[in-house]
Amino acid sequence: MSNPLQEDPELKKLLQDLRSIEDGSEFLKWRKTFLELYENYLDSRGTEIAYEAYKQFGRDLRGFNANILQLESFVKSGDLSTETCTVKARQSMSELQLKLAAVMHELMQLCPSTSEEERRKGHTKFEMGAILVRDGFSDYGRLEAAGKVMNMLSKGAMGQMA
């Protein structure tokens, strides 16, 4: 089966049922049922590799978010403004650039888009999808929060710096 999400009638029904889920406990039941069925189609080794890639992405993202919070504290304390930039604030901005590059690289590595990429990475987009569903897409919320803070910082002191 090339795409169990489109070809397995039970999985298709579960995906349709997802739209009517209204609370967390219903979602947890749905997720358990979905993963029990869906993971039968997946290679366990590929799923392990996908999980390790996702864990690395999470580590990089947490470091990135910590750096964003540090910059935010520099702005609040006055160490980073249009008039002032302390050495520590400048170092933090440089570190943010490196961490952003690492997060972007890891994000691009998560979902292989061709069969060649799947062979090279050792997992498929379906295996990564199972990991994301199992995790509850928690890193999506972290990415969203990081984006909001970065947007705020870029409109404030960081956006006005040369």
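This section reports on the structure supplied with the text. (Residues numbered from 1 in each chain as written. Predicted model: local features only at pLDDT ≥ 70, side-chain atom pairs only at ≥ 80, totals over all residues. Heavy atoms only, no water.)

Description of the overall build of the protein chain
- A tally of helices and strands in the protein chain yields eight helices and zero strands.
- For the protein chain, the α and β elements follow one another from N to C terminus as α-α-α-α-α-α-α-α.
- For a compact globule of 162 residues, the expected C-alpha radius of gyration is about 15 Å, and the protein chain comes in at 20 Å, more than 25% above that figure.
- Evaluated residue by residue, the protein chain yields a buried proportion of 33% over its 162 residues.
- Of all intrachain contacts in the protein chain linking residues separated by at least 6 positions in sequence, the fraction that spans at least 24 positions is 69%.
- In the form shown here, the protein chain has an accessible surface area of approximately 10,100 Å², with 54% of it arising from carbon and sulfur atoms. (Helix = DSSP H or I, 4+ residues; strand = E, 2+ residues; numbered from the N terminus. Rg over C-alpha atoms; globule rule 2.2 N^0.38 Å. Buried < 20%, exposed > 50% of the residue type's maximum accessible area, 1.4 Å probe, protein only. Contact = heavy atoms within 4.5 Å. Areas by Shrake-Rupley, 256 points an atom, 1.4 Å probe, with all protein chains shown as cover.)

Description of the nonpolar core
- Tyr-54, Phe-64, Ile-68, Leu-71 and Met-128 are the most contacted members of the largest nonpolar core, which has 21 residues in total.
- At the level of secondary structure, the elements contributing two or more residues to this core comprise helix H4 (44–77), helix H5 (87–110), helix H7 (125–135) and helix H8 (138–155).
- Ranked by the residues each element gives to this core, the list is headed by H4, at nine residues.
- Residues Trp-30, Phe-34, Tyr-38 and Val-133 belong to the second largest nonpolar core, which totals 11 residues. (Core = buried A, V, L, I, M, F, W, Y, C linked by side-chain atoms within 4.5 Å.)

Focus on the packing of aromatic side chains
- Counted by the stated rule, this structure contains three aromatic pairs.
- Pairing Phe-27 with Trp-30 gives two aromatic rings, centres 5.8 Å apart and planes at 25°, and the pair type is stacked. A residue pair is termed a helical-turn pair when its members lie 3 or 4 positions apart in one helix, as Phe-27 and Trp-30 do in helix H3 (residues 24–38) at three residues.
- Phe-27 gets classed as partly exposed once you look at its relative accessible area, which sits at 24%.
- Accessibility expressed as a relative area gives 7% for Trp-30, which makes it buried.
- Where Trp-30 meets Phe-34, the ring centres are 4.8 Å apart and the plane angle is 10°; that geometry is what we call stacked. (Phe/Tyr/Trp six-rings, centres within 6.5 Å; stacked < 30°, edge-to-face > 60°.)

A word on the environment of Ser-73
- Checked against the element boundaries, Ser-73 lands in helix H4.
- On the basis of relative accessible area, Ser-73 is assigned to the partly exposed category, the value being 37%.
- The sequence separation of Ser-73 and Gln-97 amounts to 24 residues, and the corresponding C-alpha distance is 17 Å.

Focus: the environment of Glu-26
- When you line up the elements, Glu-26 lands in helix H3.
- Not counting the four nearest positions on each side in its chain, Glu-26 is found in contact with Ser-20 and Ile-21.

Topic: the packing of H4 against H7
- For the pair H4 and H7, interaxial distance at closest approach is 8 Å and the crossing angle is 60°. It follows from the interaxial angle that H4 and H7 lie oblique. In this structure, H4 meets H7 at a crossing whose hand is right-handed. On H7, the residues touching Gly-46, Thr-47, Ala-50, Tyr-51, Ala-53 and Tyr-54 of H4 are Glu-127, Met-128, Ile-131, Leu-132, Arg-134 and Asp-135. (Axes fitted to C-alpha atoms, helices over the stretch in contact; angles between N-to-C directions. Parallel < 35°, antiparallel > 145°, perpendicular 65-115°, else oblique. Left-handed = near helix turned anticlockwise from the far one by under 90°.)

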